[in-house]
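Here are the chains, one letter per residue:
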Amino acid sequence: MSKINILKPEIFNKIAAGEVVEKPASIVKELVENSIDAGATKINIQVFDGGISKIIVSDNGSGILPEDLRPAFLPHATSKILTENDLYNIATLGFRGEALASIASVSQVEVISKTSETNGHSIKLSGGEVVVEGEKGSPMGTYICVENLFFNTPARQKFLKKPKKEESDITSLVSKLILANPRKAIKYTADNKVIYSSTGQGLKEAIFAIYGSSVLDNLIPLEYENGKYKITGYIGKTSYFKPNRTYQTIMINNRWVADSIVNVAISQSYESYMMKHCFPFCVVNLTVPNDEVDVNVHPSKLEVRFQDAKAIFGFVYHAVTEAIYSDLTKKTTEETEVKEPTFELKRAPETQNLNYQNKQENTSEQSKSNELNLDFILNSPVETNELHDSADSVLSEIIIEKFASMPTSTNVETNVDTDISEPIYVPKPIQQQLITKENENNNDMLSSQIIGKAFNTFVIMESGDNLYFIDQHAAHERLLFDKYVKQIKDKNISCQPLLIPYTINVNSAEEQFLLDNLEMLKSLGFEIYEFGNLSFRITAIPSSLPNLNVENFFKNFLSNLNNYKQLKNIDLIRDELAETACKHAVKGGDDLDKEELIKLVKDVGNGDVTLQCPHGRPFVVKFTRREIDKWFRRIV
Ligand code: ADP
Ligand code: MG
């Protein structure tokens, strides 16, 4: 038989603490919101070791009466709700009356507070139990110090992240609190280093305190109301986008909310100006009648529910599109120049490490003469090449070994007995390299030779009873790509210094993301280091990516911040490598000479080359003698 136990308050509080005190940042949030509720105009936040060892929040607010100090730590103790009706008209930030109780139950807390009518008093608790209490000199307001988080709940301590990560979460949160409270002077230090210090003089000043001066020229003021709703703040210009959502701050009735229909409406307003992986900048506050919004969907109160989401969406969309439109039309009348977005881009110097000459310039000349280059075709057998004499017989072997193992075009076609009355037989591309034991018949090895080329694009090789067409561009692209990848895998990377270092300015979430991935970036050949607060400097890029657009690369890179997928180094630059390989490979139409063709074919035959370009196109197609005979009805 089971017996129902009524939990003792200290146990109940520890459970409740799980809801409120998820991590150090949630403590900071609760404490700062209490300060704001107490009417403070100055708030000082100090954290140590990411808030794990210590969090101090002090304010110049109304203070707590000495007789209320103890009750403040009781669950459901609040000075903010008296009746049920108050629940539906909540103007203050905190109201659950359990934050202090929850925090105190899992840490060691000291509160010193003084109201205008009383002397300063202090109370110290450990794990929710009062340790000392008494009078203590203090300026007007409240000082709360929370130490040794989860000291009495080791299981939860294990879930704490590294101090740097917890600190970064606090920093992100504080940036939102500062933007949501532009009339409060908020100073935030982490391990005694000042991170933010806002003046309390208004929203533009608050934006400056968080994002620095560069953003100020890129703002469109927003102010719109329809009698019921009101939206105010700043949105980014249509030339100013950010690589992830961390630059969007949305408040509902002055309270920051993580995600809502408002974000969607704003993003959609920018849709026609925005590229992929871009997010508009915004710091806006939406004012909605208190009884039309439910802020209690989530215990940490970051989500909201609107009574009429459709109306809210329409209102915000209209307000933002109007503001964008008036900014754009203002721009054309004033003929202001388009601002450079976000990043200060410094171009990488160009270097080319081509194995093959890019002979693009010759192609037009070549196409002028309509003659077939018979000379080349007739003299092309590998054994006649003087430069590659010794390598050639080996070359033939390697190539043939590789190619003989490929399926014929008819193997790929499901119907082997293709209707021979078709005038032109076009084989399906070989989708993948199928090497099977049965196919390893290398009798024709010795007779392998390059017998010519077609359209300055396809190398034609004959090998026993097989004929191969190799797409020179796609083949070379694959070789270069593999070379780059191998260099990375072998850690044989080199970097190429940038003439002018490139600086990225980031926010704290991005900072942490970059710090987490710094080693990986270095392993790819980037030289990157933190350069002052919230800024990184890139002094070198991988030499395998000489034409890398550093700005775009880091924009893309930071767009991964919203993903949960673990980044792997090669994946990160796969597209860039493929693009570079494509750019540096010989082109279709380039007139390659014999040596170049031999080298290309030899390299393809060497080692485990996938017979597809990095984009997945096959570059070798094989015809068998049998097939060709069928074309001419030599056999049926
Ligand atoms: P809630 O904020 O939901 O009321 P809390 O546990 O956060 O519950 O706080 C309990 C009470 O302690 C508050 O209602 C308030 O009266 C008092 N209090 C907490 N922090 C402060 C502060 N910084 N200044 C003044 N009063 C405070
Ligand atoms: Mg509170």
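The structure presented is a predicted model; accordingly, all values stated were derived computationally and were not measured.

Chemist: Explain the overall build of the chain to me, please; I cannot follow it from the model alone.
Modeler: What the chain contains, in helices and strands, is 21 helices and 24 strands. Counting every position in the chain, which comprises 636 residues, the buried fraction comes to 50%. Counting contacts in the chain only where the partners sit at least 6 residues apart, residues at least 24 apart contribute 71% of the total. Accessible area for the chain stands at about 31700 Å²; split by element, carbon and sulfur atoms hold 52% of it.

Chemist: Even after reading the chapter, I still don't get the confidence of the model for the chain, so can you show me in this structure?
Modeler: A low pLDDT means the predicted coordinates there should not be read in detail. With 71% of its residues at a pLDDT of 70 or more, the chain shows a mean pLDDT of 77. For residues 90–94, every residue scores under 50 in pLDDT, and the model assigns this stretch 16 contacts once sequence neighbours within four places are set aside. Per-residue pLDDT stays below 50 along residues 409–447; that stretch engages in 64 contacts with residues further than four places along the chain or on separate chains.

Chemist: What's the story with the packing of helix H2 (residues 24–37) against helix H7 (residues 163–180) in this structure? I'm lost.
Modeler: Describing two packed helices takes the angle between their axes plus the distance from one axis to the other. Here H2 crosses H7 at 30 degrees, and the two axes come no closer than 8 Å. If you check the angle between H2 and H7, you find them roughly parallel. Handedness of the crossing formed by H2 with H7: right-handed. Facing H2, whose interface residues are Pro24, Ala25, Val28, Lys29 and Val32, H7 presents Glu166, Asp169, Ile170, Leu173, Val174 and Leu177. When its residues are assigned to classes, the contact of H2 with H7 shows 8 nonpolar, no polar and 3 charged.

Chemist: Where do I start with the environment of Lys555 in this structure?
Modeler: For Lys555, the location among the structural elements is in helix H18 (residues 550–559). Classification of Lys555 by relative accessible area gives buried; the value is 14%. With 313 residues separating them along the chain, Lys555 and Lys242 place their C-alpha atoms 7.9 Å apart.

Chemist: I tried to follow the pattern of salt bridges on my own but got confused; where do I start?
Modeler: When charged atoms on two side chains of opposite charge get close, those side chains can pair. Within the structure shown, the criterion is met by 18 salt bridges. Residue Asp490 pairs with Lys486 through a salt bridge whose shortest N-O separation is 2.5 Å. You can call Asp490 partly exposed: its relative accessible area is 43%. A salt bridge links Glu519 to Lys522, with the nearest nitrogen and oxygen atoms 3.8 Å apart. Of this pair, Glu519 and Lys522 are both found in helix H17 (residues 518–523), 3 residues apart, which corresponds to roughly one turn of the helix.

Chemist: Help me understand unusual backbone geometry in this model?
Modeler: Negative phi characterises most residues that are not glycine, and trans characterises most peptide bonds. The phi angle at Asn192 is positive, at roughly 70 degrees, despite the residue not being glycine. Structurally, Asn192 can be placed in the loop between strand E7 (185–190) and strand E8 (193–197). Asn192 gets classed as exposed once you look at its relative accessible area, which sits at 59%. Of note in this structure, Asn254 is not a glycine but carries a positive phi near 70 degrees. You can see Asn254 is positioned in the loop between strand E12 (248–252) and strand E13 (255–257).

Chemist: Explanation requested: the nonpolar core in the structure shown.
Modeler: Among the nonpolar cores identified, the biggest contains 58 residues, and Val28, Leu31, Ile45, Phe73, Tyr188, Ile207 and Phe281 are the most heavily contacted of them. With 7 residues, H7 is the single largest residue contributor to this core. Shared between two domains, this core takes at least three residues from each, and those domains are domain 1 (9–197) and domain 2 (212–329). Other than its neighbours up to four places away in sequence, Ile45 contacts Val28, Val32, Ile56, Val57, Val174, Ile186, Lys187, Tyr188 and Thr189.

Chemist: Sorry if this is basic, but what is going on with the packing of aromatic side chains here?
Modeler: By convention here, two paired aromatic rings are described through the distance between centres and the angle between planes. Under the defined criterion, the tally for this structure stands at 19 aromatic pairs. Both rings, one in Tyr211 and one in Phe281, keep their centres 5.0 Å apart while their planes meet at 75 degrees; by these two values the pair is edge-to-face. With a gap of 70 residues between them, Tyr211 in helix H8 (residues 203–211) and Phe281 in the loop between strand E14 (279–280) and strand E15 (282–287) connect regions that are remote in the sequence. For Tyr211, a relative accessible area of 16% gives the class buried.

Chemist: Sorry if this is basic, but what is going on with the packing of helix H16 (residues 508–516) against H18 here?
Modeler: The N-to-C vectors of H16 and H18 enclose an angle of 100 degrees; their axes lie 10 Å apart at closest approach. Taken together, H16 and H18 sit at an angle that is classed as roughly perpendicular. Of H18, the residues touching H16 (which contributes Glu510, Phe513 and Leu514) are Phe554, Phe557 and Leu558.

Chemist: Mind showing me how you'd approach the pairing of strand E1 (residues 42–48) here?
Modeler: For E1 and E7, the ladder comprises 6 bridges, and the chain directions are parallel. Within E7, the residue paired with Gln46 across the bridge is Thr189. The antiparallel hairpin formed by E1 and strand E2 (residues 54–59) contains 5 residues in its connecting segment, where Asp49 sits at a positive phi of about 50 degrees.

Each value, and the rule that gives it
Residues numbered from 1 in each chain as written. Chains lettered and ligands numbered in written order. Predicted model: local features only at pLDDT ≥ 70, side-chain atom pairs only at ≥ 80, totals over all residues. Heavy atoms only, no water. Helix = DSSP H or I, 4+ residues; strand = E, 2+ residues; numbered from the N terminus. Buried < 20%, exposed > 50% of the residue type's maximum accessible area, 1.4 Å probe, protein only. Contact = heavy atoms within 4.5 Å. Areas by Shrake-Rupley, 256 points an atom, 1.4 Å probe, with all protein chains shown as cover. pLDDT = per-residue confidence, 0-100. Axes fitted to C-alpha atoms, helices over the stretch in contact; angles between N-to-C directions. Parallel < 35°, antiparallel > 145°, perpendicular 65-115°, else oblique. Left-handed = near helix turned anticlockwise from the far one by under 90°. Nonpolar A, V, L, I, M, F, W, Y, C, P; charged D, E, K, R; others polar. Salt bridge = Lys/Arg side-chain N within 4 Å of Asp/Glu carboxyl O. Core = buried A, V, L, I, M, F, W, Y, C linked by side-chain atoms within 4.5 Å. Domains from an automatic or database assignment. Phe/Tyr/Trp six-rings, centres within 6.5 Å; stacked < 30°, edge-to-face > 60°. Pairing = 2+ DSSP bridges.

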